[in-house]
Amino acid sequence: MIMRTALRLRVLKTHTPSLFWRPHSTSTPLIEEGCGGLVLKSLSTDVYENLAVEDWIHDNVELQSRNVLFIWRNSPAVVIGRHQNPWQECNLRLLREKGIGLARRRSGGGTVYHDLGNVNLTFFTSRKGYDRARNLGIVTRALKALRPGLDVHATERYDILLNGRFKISGTAARLGRASAYHHCTLLCGTDTTVLAAVLKGACQGIKSNATPSVPSPVLNLTDIDPSLDCGAVTEAVAAEYAAHHGLEPRVAPVDPRDESSLPGIGGLTRALQAWEWVYGKTPRFSVGTSSEVCYKKSNAAVTLNMEVKDGAIVSCAIGTHRDWVPPAVCDQLASQLVGSRFCPSETAVLTAALLRTCPGDGELRDKWGVLCENVAAVMETHA
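Presented here is an overview of the structure given in this document. (Residues numbered from 1 in each chain as written. Predicted model: local features only at pLDDT ≥ 70, side-chain atom pairs only at ≥ 80, totals over all residues. Heavy atoms only, no water.)

In this section: the overall build of the chain. Within the chain, the secondary structure is distributed over 12 helices and 17 strands. Looking at the 383 residues of the chain, the share that counts as buried comes to 52%. Considering only contacts within the chain whose residues lie at least 6 apart along the sequence, 73% involve residues at least 24 apart. (Helix = DSSP H or I, 4+ residues; strand = E, 2+ residues; numbered from the N terminus. Buried < 20%, exposed > 50% of the residue type's maximum accessible area, 1.4 Å probe, protein only. Contact = heavy atoms within 4.5 Å.)

Here the largest pocket is characterised by a volume of approximately 960 Å³. Within the residue set of the lining of the largest pocket, elements represented by two or more residues are helix H2 (86-89), strand E6 (112-114), strand E7 (118-126), strand E10 (166-169), strand E11 (171-175), strand E12 (179-187) and helix H5 (192-198). The greatest single-element share of the lining of the largest pocket, amounting to 4 residues, is contributed by E12. Broken down by class, the residue content of the lining of the largest pocket amounts to 17 nonpolar, 16 polar and 7 charged. (1 Å grid on protein atoms, 1.4 Å probe; cavity = no way out; pocket = protein on both sides within 12 Å on 5 of 7 lines; lining within 4 Å. Points joined across faces, edges and corners; volume = space filled by probe spheres on them. Nonpolar A, V, L, I, M, F, W, Y, C, P; charged D, E, K, R; others polar.)

A separate point is the sheet that holds strand E5 (residues 101-104). Think of a sheet as strands paired side by side through backbone hydrogen bonds, with each pair either parallel or antiparallel. The strand order E5-E4-E6 describes an open sheet built from 3 strands, whose pairing is mixed. Edge strands, defined here as strands with exactly one partner in the open sheet, are E5 and E6. For this sheet, the mean angle separating the axes of adjacent strands, direction not counted, is 25°. Sheet topology note: the strand E4 (residues 77-80)/E6 ladder contains 3 bridges and is antiparallel. (Pairing = 2+ DSSP bridges. Axes fitted to C-alpha atoms, helices over the stretch in contact; angles between N-to-C directions.)

The antiparallel open sheet is built from 4 strands, whose spatial order is E13-E15-E16-E17. Each having just a single partner strand, strand E13 (206-208) and strand E17 (312-319) make up the two edges of the open sheet. Here the strands of the sheet are splayed against their neighbours by 15° on average, with no regard to which way each runs. Note: strand E15 (residues 285-295) against strand E16 (residues 298-309), 11 bridges, orientation antiparallel. If you follow Glu 292 over to E16, its bridge partner there is Ala 301.

Before going further, it helps to examine unusual backbone geometry. At Lys 296, a position not held by glycine, the phi torsion is positive, near 55°. Here Lys 296 shows up in the loop between E15 and E16. The phi dihedral of Asp 310 is positive, around 55°, even though this residue is not glycine. Inspection of the secondary structure assignment puts Asp 310 in the loop between E16 and E17.

With 71 residues, the main nonpolar core has Val 78, Ile 318 and Phe 342 as its most contacted residues. Look past the residues within four positions of Ile 318 in its chain and what remains in contact with it is Val 302, Thr 303, Leu 304, Cys 330, Leu 333, Ala 334, Leu 337, Leu 371 and Val 375. With 34 residues, the next largest nonpolar core counts Leu 69, Leu 136, Leu 143 and Leu 146 among its residues. (Core = buried A, V, L, I, M, F, W, Y, C linked by side-chain atoms within 4.5 Å.)

Think of two packed helices as two axes; the pair is described by the angle between the axes and how far apart they sit. Closest axis-to-axis distance for the helix H10 (residues 327-337)/helix H11 (residues 344-355) pair is 11 Å, and the angle between their directions is 140°. Relative to H11, the element H10 lies oblique. In terms of crossing hand, the pair formed by H10 and H11 is right-handed. Where H10 approaches H11, its residues Leu 333, Gln 336 and Leu 337 are matched on the opposing element by Thr 347, Leu 350, Thr 351 and Leu 354. Here the residues of the contact of H10 with H11 sort into 4 nonpolar, 3 polar and no charged. (Parallel < 35°, antiparallel > 145°, perpendicular 65-115°, else oblique. Left-handed = near helix turned anticlockwise from the far one by under 90°.)

All right, on to the state of the cysteines then. Following the criterion strictly, the structure yields 0 disulfides and no others. Sulfur of Cys 230: no disulfide; nearest cysteine sulfur belongs to Cys 188 and is 4.1 Å away. (Disulfide = S-S within 2.5 Å.)

The final tally for this structure, using the stated rule, is 8 aromatic pairs. Here the aromatic rings of Trp 87 and Tyr 279 are separated by 5.4 Å at their centres, their planes lie at 45°, and the arrangement is tilted. With Trp 87 in helix H2 and Tyr 279 in the loop between helix H9 (275-278) and E15, this residue pair connects regions lying 192 residues apart in the sequence. Between Trp 87 and Phe 342, the aromatic rings sit 5.2 Å apart at their centres with planes inclined by 75°, giving edge-to-face as the arrangement. With a gap of 255 residues between them, Trp 87 in helix H2 and Phe 342 in the loop between H10 and H11 connect regions that are remote in the sequence. By relative accessible area, Phe 342 is classed as buried at 1%. One aromatic cluster in this structure is built from Trp 87, Trp 275, Tyr 279, Phe 285 and Phe 342. It is Arg 106 that lies over the ring of Trp 277; its NZ or CZ is 4.1 Å from the centre. Residue placement shows Arg 341 over the ring face of Trp 275; its charged tip is 4.3 Å from the ring centre. (Phe/Tyr/Trp six-rings, centres within 6.5 Å; stacked < 30°, edge-to-face > 60°. Lys NZ or Arg CZ within 6 Å of the ring centre and 35° of its normal.)

So, on to the pattern of salt bridges. Where charged atoms from two side chains of opposite charge approach closely, those side chains can pair. Counted under the stated rule, the structure contains 12 salt bridges. For Arg 174, the salt bridge identified is with Asp 55, shortest N-O distance 3.3 Å. Of this pair, Arg 174 sits in strand E11 while Asp 55 is found in helix H1 (residues 47-60), placing the two residues 119 residues apart along the sequence. Accessibility expressed as a relative area gives 21% for Arg 174, which makes it partly exposed. Assessed through its relative accessible area of 2%, Asp 55 is described here as buried. One salt bridge connects Arg 157 with Asp 159, and the closest N-O pair in it is separated by 3.9 Å. Counted as one network, the salt bridges with shared partners bring together Asp 55, Asp 59, Arg 106 and Arg 174. (Salt bridge = Lys/Arg side-chain N within 4 Å of Asp/Glu carboxyl O.)

In structure tokens, the structure reads:
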């Protein structure tokens, strides 16, 4: 129990739907009329479901006269900013091998790694009441209440540093016409080995105007004090938030799968899971690679240049020495790739189909197969 904070928190015992009501208007306020604000905590550890709750609150809750804090944690996942390129920001192959999800959020900012050792905090206000410095002040005061003398402070970039050097919290925001939210991470006991591995882009040859992440050294709060785990930190932040806003010290559970409480939430979740959003919203970029292929004792350099828009290949050029394969063969393969998604599974299916229709000449057919495999391998490296 957190005795050093201003308030003791209690979790509501009532069933979640009792916290919500449906008016006759098209808007569906999350908080009962007359409530000045609330601290909410997700019952889910699914990244897409929790991001969907953020969208739902932002789009449906009247926030002009109330404040909401949403607390959530995720199973392992990488979350990129709205305007980022996942092929540059993370090791997609490693994510796939480890079964780690990839999500694109609605806010800007850089790429972050989430697991159950990381606490996510989303501060909802009106657009006019939006204040990231105030929110981070609540977080740092809560941490210092748990461990007096803890060296934590917010920077001009709205990160939180530990001991003046190590980043324990990154920040991003979404500003709507009337409503806004600011969310941040808080590293308590995250697996930093996995974090470092997955947040290291494996791609070469990509050129893009997408927003790049700024790497920083990180450290867990539990590395300083084992008692600063997710449970203690969550309770302390919630108590400090309630005290700051004059709210009743309680935490209300939210089930992101409950359509009766959050009408339309399933559709928001599915939209966040869709390939068209996660990958397709990537700003236009180009890929240029050069590699060497080998057939028997014959070697040749192969160049591949592509333009990718909305996650799909819009132009493609493949080149190699004309004595190895005729230019017309490269052109045929390149033309078939245009219009397909920039992803290894689709490229593998496409090249496998092309191999079945390749030229009948024995040596040319074999080289065609090597060329297709090379293109598929490049795509696999980039995803």
